[in-house]
Amino acid sequence: MEGRLYLVIGPPGTGKTLLGTQFLEAGLEAGDDVLFIHAEESAADLLANTAELGIDIADATFLDVGPDSEFFMEAESYDVVKPRDVEDGHLISDIREAIERVDPDRVLIDPITHFQYLEPTEYQFRKRIISFARFLQDRETTVLATKTPSNQMDSQLRSLSDGIISLSYGDEKAGRRIRLRKHRGIGQQDGSHGMEIRESGVEVYPALEPEQRTRSFDPTQFSAGVPELDSLLDGGLERGTVTILSGPSGVGKSTTATEFLASAAADGSPALAYLFDESIDTFTHRCETFGIPLSELRDEGTLLVEEIESLAMSPEEFANRVKTQAAERGAELVVIDGIAGYKNAIKHGQDDMELRRRLHALTQHLTRGNTAVILIDQRRDVTGLHEPTSENVSYLADNIVFENYIEVGGELQRVVGALKKRVGGFEAVPRRFEITADGLQVGDPVSGMHGVFEGVPERHGDSGGRSSTR
């Protein structure tokens, strides 16, 4: 808001100055007069550094309040007069003269620490900042000030600021984070949000907050294009629901999800897929080997497949990308492959529970727009079904479809079944399936046996051990 003082606080290298220069650039683009009061870098260095990121603040007025190079060579000292008494008058008069001359709409003070150094007590510092803020407020000037955290007078600046933006930067896995801790009279979206510094400057990605349902719930189903699998699921998977497709490595989860993607895209329903565990090249080759025309569907524009690079983005940026692409394409089906890859590849500074909440918020946003979501979950067990999912994500699901290996006569076979389906019914008995050159081939229900869920089925009444009968 105009005429207010905002504080950007964070350790060195978190992007405080960069954020401030983008604040000035936005003002220049809006036709504002802007003033840059700087103390640690020269105007020439600031212009060169911002130009590297495509930020143009050449039309700003610069006021350098830092010492020049001659100060290092001077033998002069302040033995008789206190440094505050000498520097105070020069600094304040220079700033006042520049503000009165430029009459800026926006001012960046980088850093505001210079004011702290000139005041001997917190009382004097508070008094100085209050008078400075009122001076600018009377002129309807908006001020952004940067500061590195310290114990000295931090509380005074925080209490006097109308808004506080906190920046942080952890290791490569945590990435950059931004918090808006205060916004007087307006409020803010609490919590930690994603931030990146890219070639174009600072990019901020607020945490996704699910909106109200944008379309009425439509239980129209997506077919897998495999009649036996559709029969198992009482016709397919409904729009506006989240399905977790779980199973051990290599059992065929991605292939099954791709059958739904290809069937939806072929019917003209736009679909999106995000790969965390596989490259686009291997995914495309594998799908086309199984007879799924992935390249053709992508060329037609009904199917978008993206490979997500490890540690390239925050959960907020990923959610923003999915949200934007789903809206632009009118996506009706989204596949995320897979949950473990998402946890390992996404930058975050939170614990696993917080990361699952981010994924939950994304799936809620999509389903409230009546988009179907398939999440692929890899379980550790090869046979047996000790837990329906891994990663403690069952609560995300409207539907749980499992794929598993069973041992029959010393041979590993695949089965697919459903454990939960919130809308509609499903077959209670799993079916055998195979992955062939023609794609997914699903057979009849595994009937007349028990122990299928333990991975070692036996025929009813068979006391001689495992069955070898197909």
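Within each chain, residues carry numbers counting from 1 in the order of the written sequence. Given that the model is predicted, a residue must reach a pLDDT of at least 70 before its local features are reported, and side-chain atom pairs must reach 80 or more before they are shown or counted; all residues, however, enter totals for whole chains, interfaces and linings. Based on all heavy atoms of the structure, the side-chain values leave hydrogens and waters out of the count.

J.: What is the right way to read the overall build of the protein from this model?
T.: Going along the chain from the N terminus, every DSSP run of H or I of four or more residues is numbered as a helix, and every run of E of two or more is numbered as a strand. Regarding its fold elements, the protein presents 14 helices and 22 strands. The buried share of the protein, reckoned over its 470 residues, is 51%. In the protein, of all internal contacts separated by at least 6 residues, the share reaching a separation of at least 24 is 68%. Taken as a whole, the protein presents about 21900 Å² of accessible surface, with 47% of it coming from carbon and sulfur. Only protein chains enter the calculation, and the probe is 1.4 Å; a residue is then buried if its accessible area is under 20% of its type maximum, exposed if over 50%, and partly exposed in between. Contacts are assigned to residue pairs with any non-hydrogen atoms lying within 4.5 Å of each other. Per-residue accessibility takes into account occlusion by the displayed protein chains alone, with areas from the Shrake-Rupley method and a 1.4 Å probe.

J.: What am I meant to see in a negative patch on the surface here?
T.: Here, patches come from residues exposed beyond 30% relative accessible area and free of salt bridges, joined within 9 Å for like charges and within 5 Å for nonpolar side chains (Val, Leu, Ile, Met, Phe, Trp, Tyr). One side-chain nitrogen of Lys or Arg within 4 Å of one carboxyl oxygen of Asp or Glu is enough to make a salt bridge. The charged-residue count follows a simple rule in which Lys and Arg add positive charge and Asp and Glu add negative charge, with His and chain termini not counted at all. The atoms used to mark charge sites are NZ of Lys, CZ of Arg, CG of Asp and CD of Glu. A contiguous patch of negative charge, built from Glu-2, Asp-33, Asp-105 and Glu-140, is present on the exposed surface. By the element assignment, Asp-33 lies in the loop between helix H1 (16–29) and strand E2 (34–38). By relative accessible area, which is 41% here, Asp-33 ends up partly exposed.

J.: Can you help me understand the side chain of Asp-230 in this one?
T.: Secondary-structure assignment places Asp-230 in helix H8 (residues 227–232). No salt bridge is formed by the buried Asp-230; its nearest oppositely charged neighbour, Lys-421, is found at 9.3 Å. In this structure, Asp-230 is in contact with Ser-223, Ala-224, Gly-225, Gly-235 and Gly-236, ignoring residues within four places of it in sequence.

J.: Sorry, what's going on with the pairing of strand E15 (residues 333–337) here?
T.: Note on strand geometry: in a regular strand, side chains alternate between the two faces of the sheet. The buried fraction of E15 is high, at five of five residues. Here E15 shows two buried faces, one formed by Leu-333, Val-335 and Asp-337 and the other by Val-334 and Ile-336. Pairing between strands is defined by DSSP: at least two bridges between them are needed. In this structure, strand E13 (residues 271–275) lies alongside E15, joined through five bridges in parallel fashion. Paired with Ala-271 across the bridge in E15 is Leu-333.

J.: Would you explain the pattern of salt bridges in this entry?
T.: Two side chains with opposite charge may pair up if their charged atoms get near one another. Counting across every chain of the model gives 17 salt bridges. For Glu-354, the salt bridge is made with Arg-358, and the minimal N-O distance between the two is 3.7 Å. Note that Glu-354 and Arg-358 are positioned in helix H14 (residues 352–368) at a spacing of four residues, about one turn of the helix. Across the pair Glu-427 and Arg-431 runs a salt bridge, and its minimum N-O distance is 2.9 Å. We note that Glu-427, like Arg-431, is buried. By sharing partners, the salt bridges in this structure join Arg-177, Glu-316, Glu-354, Arg-357 and Arg-358 into a single network.

J.: What am I meant to see in unusual backbone geometry here?
T.: Residues other than glycine predominantly adopt negative phi, and peptide bonds predominantly adopt the trans conformation. Cis geometry marks the peptide bond from Asp-110 to Pro-111, where omega comes out at -5 degrees. Note on placement: Pro-111 falls in the loop between strand E4 (106–110) and helix H5 (113–118). In this structure, the amide linkage connecting Asp-337 to the following residue, Gly-338, adopts the cis form with an omega of 5 degrees. With a phi close to 50 degrees, Asp-103 is a non-glycine residue in the positive phi region. Positionally, Asp-103 belongs in the loop between helix H4 (83–102) and E4. Although it is not a glycine, Asp-234 adopts a positive phi angle of roughly 55 degrees.

J.: When you look at the packing of helix H12 (residues 315–329) against H14 in this model, what are you seeing that I'm missing?
T.: Helix packing for two helices is described by the angle between their axes and how far apart those axes are. An axis is simply a line fitted to the C-alpha atoms; with a helix, the fit covers only the stretch in contact. Between two such axes, the angle follows the N-to-C directions and lies from 0 to 180 degrees. Interaxial distance between H12 and H14 falls to 10 Å at its minimum, and their mutual angle equals 10 degrees. Classified by the interaxial angle, the pair formed by H12 and H14 is roughly parallel. The residues of H14 that touch H12, namely those facing Pro-315, Glu-316, Phe-318, Ala-319, Val-322, Lys-323 and Ala-326, are Leu-355, Arg-358, Leu-362, His-365 and Leu-366. Just so you know the grouping, Ala, Val, Leu, Ile, Met, Phe, Trp, Tyr, Cys and Pro go in nonpolar, Asp, Glu, Lys and Arg go in charged, and all remaining residues, Gly too, go in polar. Class assignment of the residues belonging to the contact of H12 with H14 gives a composition of eight nonpolar, one polar and three charged. Each angle receives one of four descriptions, namely roughly parallel if under 35 degrees, roughly antiparallel if over 145, roughly perpendicular if within 65 to 115, and oblique otherwise.

J.: Is there a simple way to think about the sheet that holds strand E3 (residues 61–64) in this case?
T.: Within a sheet, neighbouring strands are paired by backbone hydrogen bonds and run either parallel or antiparallel to one another. A sheet is described by the order of its strands in space; here nine strands give the open sequence E3-E2-E4-E5-E1-E6-E7-E8-E9, paired in mixed fashion. The sheet is open, and its two borders are formed by E3 and strand E9 (201–205), each paired with just one other strand. Along the sheet, successive strands turn relative to each other by an average axial angle of 20 degrees, direction set aside.

J.: Is there a simple way to think about the packing of aromatic side chains in this case?
T.: Think of a pair of aromatic rings as described by two things: how far the centres are apart, and how the planes are tilted against each other in angle. Aromatic pairing here means that ring centres of Phe, Tyr or Trp (its six-membered ring) are within 6.5 Å. Orientation follows from the plane angle: under 30 degrees is stacked, over 60 is edge-to-face, and everything else is tilted. This model, assessed by the stated rule, comprises five aromatic pairs. Each member of the aromatic cluster is reached from another via a ring pair, and the members are Tyr-274, Phe-276, Phe-318 and Tyr-342. Whether a charge sits over a ring depends on NZ of Lys or CZ of Arg being within 6 Å of the ring centre and within 35 degrees of the ring normal. Taking the ring centre of Tyr-169 as reference, the NZ or CZ of Arg-176 above it sits at 4.3 Å.

J.: Could you clarify how one ought to interpret the sheet that holds strand E12 (residues 242–247) in this entry?
T.: In spatial order, the strands read E14-E13-E15-E16-E12-E17-E18-E19-E20; together these nine strands make up an open sheet with mixed pairing. Lying at the two open borders of the sheet, with one neighbouring strand each, are strand E14 (303–307) and strand E20 (439–445). Averaged over all adjacent pairs, the angle separating strand axes in this sheet is 20 degrees, with direction ignored. Against the sheet, helix H10 (residues 280–289) engages E13 and E14, with an angle of about 135 degrees to E14.

J.: What exactly am I supposed to notice about the confidence of the model for the protein here?
T.: Parts of the model with low pLDDT should not have their predicted coordinates read in detail. For the protein, mean pLDDT is 85; residues scoring 70 or higher make up 87% of the total. As a per-residue measure, pLDDT tells how confident the predictor is, with possible values from 0 to 100. For the protein, helix H3 (residues 70–73) is the element with the lowest average pLDDT, namely 48, and E13 is the one with the highest, namely 97. The model gives residues 463–470 a pLDDT under 50, and that stretch makes 21 contacts with residues more than four places away or in other chains.

J.: Before we go on, may I ask you to explain H10 in this structure?
T.: Structurally, the α-helix is built with 3.6 residues per turn, so residues lying three or four positions apart point the same way. Of all the residues in H10, the buried ones are Ile-280, Phe-283, Thr-284 and Cys-287. Buried residues in H10, looked at end-on, bunch into an arc of 95 degrees, giving them a common side. Those residues of H10 that are exposed and aimed more than 90 degrees away from the buried face are Asp-281 and His-285. On its buried side, H10 packs onto helix H9 (253–266), E13, helix H11 (294–300) and E14. The first or second residue beyond H10 is Gly-291, which carries a positive phi of 90 degrees. Think of it as the arc spanned by the lines of direction from the helix axis to the C-beta atoms.

J.: For this particular structure, what's the right way to read the nonpolar core?
T.: Nonpolar side chains in soluble globular proteins tend to be buried together. Here, nonpolar core means buried Ala, Val, Leu, Ile, Met, Phe, Trp, Tyr and Cys residues that are tied together by side-chain atoms lying within 4.5 Å of each other. Formed by 38 residues in total, the largest nonpolar core has its most connected members in Leu-229, Phe-260, Leu-303, Leu-333 and Ile-374. Top element by residues in this core is H9. It accounts for six residues. Apart from residues no more than four positions distant in its own chain, Phe-260 is found in contact with Phe-222, Ser-223, Ala-224, Leu-229, Leu-233, Leu-237, Leu-333 and Ile-374. Ranked by size, the runner-up nonpolar core spans 30 residues in total, among them Leu-272, Phe-318, Ile-346 and Leu-396.

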